[in-house]
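Observations on the three-dimensional arrangement
Listed below, chain by chain, are the residues.
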Amino acid sequence: MARWIIPIVIYILIDLYAYQAFRVFSKGVTLKWIYFGVSALVLGLLVFQILSSGESRKMSGESMYVYGVFLAFFAPKLVLIIFMFGEDIIRLIVGAVFKFTGEGQNFHMPSRRKFVSSIALGIAAIPFTSLIYGMVKGKYNYKVHEYTLEFDNLPEAFNGYKVTQISDVHSGSFTNEEKVKYAIDLVNKQQGDMILFTGDLVNNESTEMDNWKEIFGSLKANDGVFSVLGNHDYGDYVKWPSKLDQENNLNRLKSIQKEMGWDLLLNENRTITKNGASIKLIGVENWGIGGFKKAGDLDKACEGVDVSDFKILMSHDPSHWQEQVKTHPKNIELTLSGHTHGMQFGIEIPGLIKWSPVKYRYENWAGIYEELGSVLNVNRGFGYLAYPGRVGIWPEISVITLKTKTA
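Residues numbered from 1 in each chain as written. Predicted model: local features only at pLDDT ≥ 70, side-chain atom pairs only at ≥ 80, totals over all residues. Heavy atoms only, no water.

1. Some thoughts on the overall build of the protein
In terms of helices and strands, the protein carries ten helices and 14 strands. Overall, the protein is about 95 × 55 × 35 Å in size when its C-alpha atoms are taken along their principal axes. Considering the protein as a whole, with its 407 residues, one finds that 51% of them fall into the buried category. Long-range pairs, those at least 24 residues apart, make up 75% of the contacts in the protein with a sequence separation of at least 6. Carbon together with sulfur atoms contributes 59% to the accessible area of the protein, which is approximately 19,500 Å² in total. Separation between the mean location of the 42 positive side-chain charges and that of the 42 negative ones in the protein comes to 9 Å. (Helix = DSSP H or I, 4+ residues; strand = E, 2+ residues; numbered from the N terminus. Buried < 20%, exposed > 50% of the residue type's maximum accessible area, 1.4 Å probe, protein only. Contact = heavy atoms within 4.5 Å. Areas by Shrake-Rupley, 256 points an atom, 1.4 Å probe, with all protein chains shown as cover. Lys, Arg positive; Asp, Glu negative; His and termini not counted. Charge placed at Lys NZ, Arg CZ, Asp CG, Glu CD.)

What follows is the structure, given as structure tokens:
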């Protein structure tokens with residue numbers, strides 16, 4: 001508990017300073033009691049959640065709402081203190097000018113102006129309402145992103161071949177079965193020739209899938225449903241009684257995918273045939289920079305694959321594409337990744353702007369990228385984690401139509 005004293009003190013100081021924006025509108029005690037009462041309740045719930053989770057670091061769908069509500073109330077206060085601090089600087093300068101120009105015998109800071117507080121409160125309402133909307137509606141605002149990609153060496157038999165991709169399910173976060181079922185039906189409606197899942201089926205434990213196996217097992221495609229593991233699937237982010245328990249958890253998660261009819265690729269490849277022609281589907285285990293697990297072995301996964309084959313690679317973390325894939329001697333034409341979630345927050349207006357804070361962490365974080373003749377699609381994710389919502393970066397179903405490039 002001692003380690004949380006300083007963050008709690010900082011929170012209280014921010015809370016007191018942000019209150020100045022409200023103070024100019026009421027001299028009574030009612031608003032003060034409401035403001036600090038809500039602040040104390042939100043902080044209390046957060047501290048209780050942290051203490052009750054202990055060292056396990058487990059996050060359930062319900063516990064995430066505590067973090068989400070805290071964020072929804074705390075983010076606007078950061079906006080308020082920026083305005084209040086800026087106004088205080090101006091008030092300080094004005095007071096000093098009055099003092100040293102002889103217009104006032106004593107130093108006196110001017111009173112706060114209501115219109116500044118009004119502007120601050122109006123702007124602070126934007127992140128508050130956005131974060132609340134993201135938790136209530138945004139996390140289930142599924143979007144289908146359609147791409148058509150042309151390749152020189154795609155066999156003519158696969159011209160028009162449709163690949164449907166989902167990623168980052170994080171099933172332990174879900175609380176609404178009806179909405180999830182709607183999304184799975186939406187995936188099936190795309191009528192992809194194959195469905196590819198690029199990792200993070202759970203947050204930590206295989207048991208998170210127990211209530212969702214039937215729904216996700218209903219995914220169907222002519223050439224099958226294929227999957228790979230993401231960093232969360234290994235159970236590395238919770239404390240296990242023993243290493244064996246963690247291994248058993250991973251093995252059970254693998255078995256669940258088999259039960260659902262999914263073909264899990266563990267540093268291996270499959271051949272997809274059509275009208276006498278074929279392409280290669282390659283799947284690696286998680287490989288990521290920045291401290292993430294590097295279980296992926298691309299060379300092993302490509303055994304038996306010829307450089308002339310058309311290849312689709314499933315690799316959870318897009319940093320793998322930057323570090324190894326795009327320069328690999330096998331010349332991998334198309335890579336599908338996820339992992340970033342687009343940070344579940346940002347601004348996207350097609351053709352105008354695509355921005356999220358995650359861009360400062362990942363060079364490739366959402367959508368299509370092309371370098372050195374290699375193409376990458378980073379799926380924005382199907383589910384959510386930590387913050388139980390999405391704002392601006394909506395859950396995604398990627399639909400990629402492959403075309404044979406003609407001269």
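2. Thoughts on the sheet that holds strand E7 (residues 277-283)
Spatial ordering of the open sheet is given by E6-E7-E8-E9-E13-E12, a layout of six strands whose pairing is mixed. If you trace the sheet from one side to the other, it starts and ends with strand E6 (268-274) and strand E12 (367-371), each paired once. Between one strand axis and the next, the sheet turns through 20° on average, direction left out of account. For E12 and strand E13 (residues 374-378), the ladder comprises five bridges, and the chain directions are antiparallel. Bridge pairing links Glu371 to Ser374 in E13. (Pairing = 2+ DSSP bridges. Axes fitted to C-alpha atoms, helices over the stretch in contact; angles between N-to-C directions.)

3. Considering the pairing of strand E14 (residues 396-404)
Most of E14 is tucked away, with eight of its nine residues classed as buried. Direction of pairing for strand E1 (residues 143-151) relative to E14: parallel, over a ladder of nine bridges. The residue bridging Thr148 from the neighbouring strand is Thr401, located in E14. For strand E2 (residues 162-166) and E14, the ladder comprises four bridges, and the chain directions are antiparallel. Bridge assignment links Gln165 to a residue of E14, and that residue is Ser398.

4. Considering the nonpolar core
Formed by 31 residues in total, the largest nonpolar core has its most connected members in Met209, Phe216, Leu219 and Phe382. Of all elements in the fold, only helix H6 (177-189), strand E3 (194-197), helix H7 (213-216), helix H8 (243-259) and E14 reach the threshold of two or more residues within this core. Considering each element in turn, this core owes the most residues, five residues, to H6. The residues touching Phe216, leaving out its near neighbours within four places in the chain, are Val169, Phe174, Val180, Ile184, Met209, Met260, Trp262 and Phe382. In terms of nonpolar packing, the next biggest core, distinct from the first, is built from 24 residues, Tyr147, Ala277, Ile312 and Val375 among them. (Core = buried A, V, L, I, M, F, W, Y, C linked by side-chain atoms within 4.5 Å.)

5. Examining a nonpolar patch on the surface
On the surface, Ile5, Val9, Ile12, Leu13 and Leu16 cluster together into a nonpolar patch covering about 430 Å² of accessible area. Of note, Val9 is situated in helix H1 (residues 5-18). (Patch = residues over 30% accessible without salt bridge, like charges linked within 9 Å, V, L, I, M, F, W, Y side chains within 5 Å. Salt bridge = Lys/Arg side-chain N within 4 Å of Asp/Glu carboxyl O.)

6. Topic: H8
For H8, which comprises 17 residues, the first-to-last C-alpha distance of 24 Å matches the rise-based estimate of 24 Å (1.5 Å per residue) to within 8%. Of the positions making up H8, those classed as buried are Gln246, Asn249, Leu250, Leu253, Ile256 and Gln257. Projected down its long axis, H8 shows its buried positions confined to an angular sector of 115°, all on one face. For H8, the exposed residues set more than 90 degrees away from the buried face come down to Leu244, Lys258 and Glu259. The inward-facing, buried residues of H8 abut H7, strand E4 (225-227) and strand E5 (262-264). Following H8 by one or two positions, Gly261 has its phi on the positive side, about 90°. (Expected span 1.5 Å × (residues − 1). Arc of directions from axis to C-beta.)

7. Re the packing of aromatic side chains
All told, the structure shown has 20 aromatic pairs when counted by the stated rule. Taking 5.1 Å as the distance between ring centres and 50° as the angle between the ring planes, the aromatic pair formed by Tyr19 and Tyr35 counts as tilted. Here Tyr35 lies in helix H3 (residues 30-53) and Tyr19 lies in the loop between H1 and helix H2 (20-23), a separation of 16 residues in the sequence. Residue classification places Tyr35 among the buried positions, given a relative accessible area of 9%. Each ring, one from Tyr142 and one from Tyr182, has its centre 6.4 Å from the other, and the planes form 50°; the classification is tilted. Highlighted residues: Tyr142 in the loop between helix H5 (114-136) and E1 and Tyr182 in helix H6, separated in sequence by 40 residues. The exposure class of Tyr142 is buried, given its relative accessible area of 7%. By the ring-pair criterion, three or more aromatic residues cluster together here, those being Tyr140, Tyr142, Phe174, Tyr182, Trp212, Phe216, Phe382 and Tyr384. When the ring centre of Tyr234 is taken as reference, the NZ or CZ atom of Lys293 above it lies at 4.8 Å. The ring of Trp365 is capped by Lys354, whose NZ or CZ atom sits 5.4 Å from the centre of that ring. (Phe/Tyr/Trp six-rings, centres within 6.5 Å; stacked < 30°, edge-to-face > 60°. Lys NZ or Arg CZ within 6 Å of the ring centre and 35° of its normal.)

Keep in mind that these numbers describe shape and distance, not what the molecule does.
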